[in-house]
Amino acid sequence: MSGAYSGLQARIKEVNPLAEYSPCAAHSLNLVGSCAANCCKEACHFFELLQAVYCFFTASTHRWEMLNAKVTLKGLSETRWSAREDACRSLNKNWDLVIGVLKTILDDTSQKPTTRCEAKGLLQKLNRLECALMAVFWGDVLEISNKTSKKLQSVSIDLITVVQLYDSIIYYVKSARSRNRFMDYESSAKDLSGLSDYKDNEKRKRRRKLPHGETRSNEVTLSGREHFIVMTYFFILDNLQSELQKRKSAYDDLVKKFSFFHNIIQHSNNEIRKSAKELCEDYPNDLNISLVSEVVQLQGHIHSLGTSGNNPQTILELMLWIRSNNFIILYPYVEIALRIFLSTASTNCSAERSFSVLKRVKNYLRSTMNQERCSALALLTIESDITSKTDFEEMIILFSNLQSRRKL
């Protein structure tokens, strides 16, 4: 949670100025996609069309049966934005079949006039090369975003991995911002829709009324293709890149302090000493200047392991290696520094899911449940993978014997 001036972040820093703020990586990626989808008119229209097609078929059991015999459409997710990949992928996979069912409904005279008009409107929006381009492009972007979001929600992820994943998406977006990549999307969209010309080319061009003495020699008129590239394709990619850079900057300062622990043997001795000294200055109450010598010794220790495959690479592997080999006596301040970094949360998705479980545990029928029983039931529900495999027969027999009031 942010609130840097009077919110929760500011209140926590009043109690402990050394507390580090890091936004949830998965939620930040959701906000990146949401901002990119609302940055231009064509993107907004595409996602509205996705939901409109889904609502049109789910509003009637008859229409849903007509479609469900051949395809299955997905609706847009309200909470997890990257999960819209399912809706986009289902439309791309069944493009021709959806259009075929809409044409069948349009030609069916037994349907209501409002239903046929709605089917006609959806057909007109789908039969555009711009719409097919948006479907192909967003299907590709959302697939990358959804896979990355799932990785960002893992329990064992750290902030260095978060920054690396954000850098990988930024690199992907930069590589997509080229006319050659657009030509690939355009070719796929033409194969998908069977169309070859942009709808914007069919519109009547508005001519600006010129004042006296001015000519049209300096006016630039973009074709439908160029207008889409400049005003939609490049615009979305630029917005994605700027939002990703802005979200990533929230982790850069914190990661920079501890980055020398990651692949420690790849850093020079001077870099290690300088970074360790700066870290001691940032945390004077927790770390001592002895950290500098400990880090140098640790670097030599890991370097002596060679390429056996047992040498730790990430910060989490380094922490596990120190504890499993009981090297805390050798590197006490290194262990404290690693704990400071690893205890900084990078995502809160698992915690939010634990809170959502309470809706199934404490409903209106159990409104008088006490705290101890509520916590116990919530824990059983959260760890359902373990409880579903547990044999409760002996527990039930023991409980029935204890609660039995009739003398046997």
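With an unreviewed UniProt entry as reference, the protein is termed HAT C-terminal dimerisation domain-containing protein, source organism Macrosiphum euphorbiae.

Participant: For the overall build of the protein, give the residues involved together with the corresponding values.
Facilitator: A tally of helices and strands in the protein yields 19 helices and zero strands. Scaling as 2.2 N^0.38, a compact globule of 408 residues should have a C-alpha radius of gyration of about 22 Å, whereas the protein reaches 29 Å, well beyond that. When the 408 residues of the protein are sorted by exposure, 38% land in the buried category. Taking as baseline every contact in the protein between residues at least 6 positions apart, the subset at least 24 positions apart corresponds to 70%. Surface accessibility of the protein: about 25,000 Å² in total, with carbon and sulfur atoms responsible for 52%.

Participant: Which residues make up a nonpolar patch on the surface, and what are the values?
Facilitator: Residues Phe392, Met395 and Ile396 make up a contiguous nonpolar surface patch of about 300 Å² in total accessible area. Within the secondary structure layout, Ile396 lies in helix 19 (residues 393-403). On the accessibility criterion, Ile396 (52% relative accessible area) is exposed.

Participant: Quick one: what's the story with empty space enclosed by the protein, residue by residue and with numbers?
Facilitator: Tallying each qualifying case throughout the model produces two cavities of 30 Å³ or more. One number sums up the size of the largest cavity: a volume of about 130 Å³. Together, Leu29, Val32, Gly33, Trp81, Val141, Ile144, Ser145, Ile169, Tyr172, Val173, Leu240 and Leu244 line the largest cavity. Every element with two or more residues in the lining of the largest cavity is listed here: helix 2 (25-37), helix 8 (129-152), helix 9 (159-176) and helix 11 (224-258). Of the residues that constitute the lining of the largest cavity, the class distribution is ten nonpolar, two polar and no charged. Approximately 40 Å³ is the volume attributed to the second largest cavity. Lining the second largest cavity, in full, are Leu50, Val53, Tyr54, Leu73, Lys74, Ala87, Ser90 and Leu91. Going through the elements one at a time, helix 3 (41-58) and helix 5 (84-93) are the ones with two or more residues in the lining of the second largest cavity. The class makeup of the residues in the lining of the second largest cavity is six nonpolar, one polar and one charged.

Participant: Residue-level account of the pattern of salt bridges, with values.
Facilitator: Within this structure, the stated rule accounts for 17 salt bridges. Here Asp238 ties to Arg177 by a salt bridge, and the two come within 2.6 Å at their closest N and O atoms. Note that Asp238 is positioned in helix 11 and Arg177 in the loop between helix 9 and helix 10 (179-193), a separation of 61 residues in sequence. According to the relative accessible area criterion, Asp238 is partly exposed, its value standing at 33%. Using a relative accessible area of 36% as the deciding quantity, one classes Arg177 as partly exposed. Here Glu226 makes a salt bridge to Arg225, at a shortest N to O gap of 3.9 Å. Take Glu226: its relative accessible area is 24%, and that puts it in the partly exposed class. Residues joined in a network through salt bridges with shared partners are Arg179, Glu186, Arg225 and Glu226.

Participant: Which residues make up helix 13 (residues 290-304), and what values do they have?
Facilitator: With 15 residues, helix 13 extends 21 Å between its outermost C-alpha atoms, agreeing within 8% with the 21 Å of an ideal straight helix rising 1.5 Å per residue. On its buried face, helix 13 sits against helix 12 (269-282), helix 14 (315-324) and helix 15 (332-342).

Participant: I'd love a proper account of the UniProt feature "domain: HAT C-terminal dimerisation" (unreviewed entry) in the protein, names of residues and values included.
Facilitator: According to UniProt, the positions carrying the feature "domain: HAT C-terminal dimerisation" (unreviewed entry) are residues 316-385. Taken end to end, residues 316-385 is 67% helix and 0% strand, and its two terminal C-alpha atoms sit 25 Å from one another.

Participant: Summarise the packing of helix 8 against helix 9; cite the residues concerned and give the values.
Facilitator: Viewed as axis vectors pointing N to C, helix 8 and helix 9 meet at an angle of 175°, and their least axial separation amounts to 11 Å. Of the possible angle classes, the one that applies to helix 8 and helix 9 is roughly antiparallel. Packed against helix 8, whose contacting residues are Asp140, Ile144, Thr148, Lys151 and Leu152, the element helix 9 presents Val162, Leu165, Tyr166, Ile169 and Tyr172 at the interface. In terms of residue class, the contact of helix 8 with helix 9 is built from seven nonpolar, one polar and two charged.

Participant: Quick rundown of the environment of Ala132? Include the residues and the values.
Facilitator: The residue Ala132 is located in helix 8 in this model. Excluding residues that lie within four positions of it along the chain, Ala132 makes contacts with Trp95, Ala189, Leu192 and Ser193.

Participant: How would you sum up the nonpolar core? Please name residues and give values.
Facilitator: Membership of the largest hydrophobic core comes to 102 residues, with the highest contact counts inside it found for Phe57, Trp138 and Phe261. With residues near it in sequence (within four places) discarded, Trp138 still touches Ala36, Ala37, Ala43, Phe46, Phe47, Trp81, Cys88 and Ile236.

Participant: Describe unusual backbone geometry, naming the residues involved and giving the relevant values.
Facilitator: Positive phi, normally seen in glycine, also occurs at Asn263, with a value near 50°. We classify Asn263 as buried; its relative accessible area is 17%. A positive phi is found at Asn326, a non-glycine position, where the angle reads about 55°. With respect to the secondary-structure elements, Asn326 resides in the loop between helix 14 and helix 15.

Participant: Which residues make up the packing of helix 13 against helix 15, and what values go with them?
Facilitator: Remark: helix 13 packs on helix 15, axes separated minimally by 8 Å, with the N-to-C direction vectors making an angle of 95°. The orientation of helix 13 relative to helix 15 falls into the category roughly perpendicular. Residue-level inspection shows Ser290, Leu291, Glu294, Val295 and Leu298 of helix 13 in contact with helix 15, the latter providing Pro332, Tyr333 and Val334. Here the contact of helix 13 with helix 15 is built from residues that sort into six nonpolar, one polar and one charged.

Participant: Account for the side chain of Ser28, naming residues and giving values.
Facilitator: Structurally, Ser28 is set in helix 2. We classify Ser28 as buried; its relative accessible area is 5%. Not counting the four nearest positions on each side in its chain, Ser28 is found in contact with Pro23, Tyr166, Arg247 and Tyr251.

Procedures and definitions
Residues numbered from 1 in each chain as written. Predicted model: local features only at pLDDT ≥ 70, side-chain atom pairs only at ≥ 80, totals over all residues. Heavy atoms only, no water. Helix = DSSP H or I, 4+ residues; strand = E, 2+ residues; numbered from the N terminus. Rg over C-alpha atoms; globule rule 2.2 N^0.38 Å. Buried < 20%, exposed > 50% of the residue type's maximum accessible area, 1.4 Å probe, protein only. Contact = heavy atoms within 4.5 Å. Areas by Shrake-Rupley, 256 points an atom, 1.4 Å probe, with all protein chains shown as cover. Patch = residues over 30% accessible without salt bridge, like charges linked within 9 Å, V, L, I, M, F, W, Y side chains within 5 Å. Salt bridge = Lys/Arg side-chain N within 4 Å of Asp/Glu carboxyl O. 1 Å grid on protein atoms, 1.4 Å probe; cavity = no way out; pocket = protein on both sides within 12 Å on 5 of 7 lines; lining within 4 Å. Points joined across faces, edges and corners; volume = space filled by probe spheres on them. Nonpolar A, V, L, I, M, F, W, Y, C, P; charged D, E, K, R; others polar. Expected span 1.5 Å × (residues − 1). UniProt positions renumbered as here; feature names shortened; annotations may be inferred. Axes fitted to C-alpha atoms, helices over the stretch in contact; angles between N-to-C directions. Parallel < 35°, antiparallel > 145°, perpendicular 65-115°, else oblique. Core = buried A, V, L, I, M, F, W, Y, C linked by side-chain atoms within 4.5 Å.

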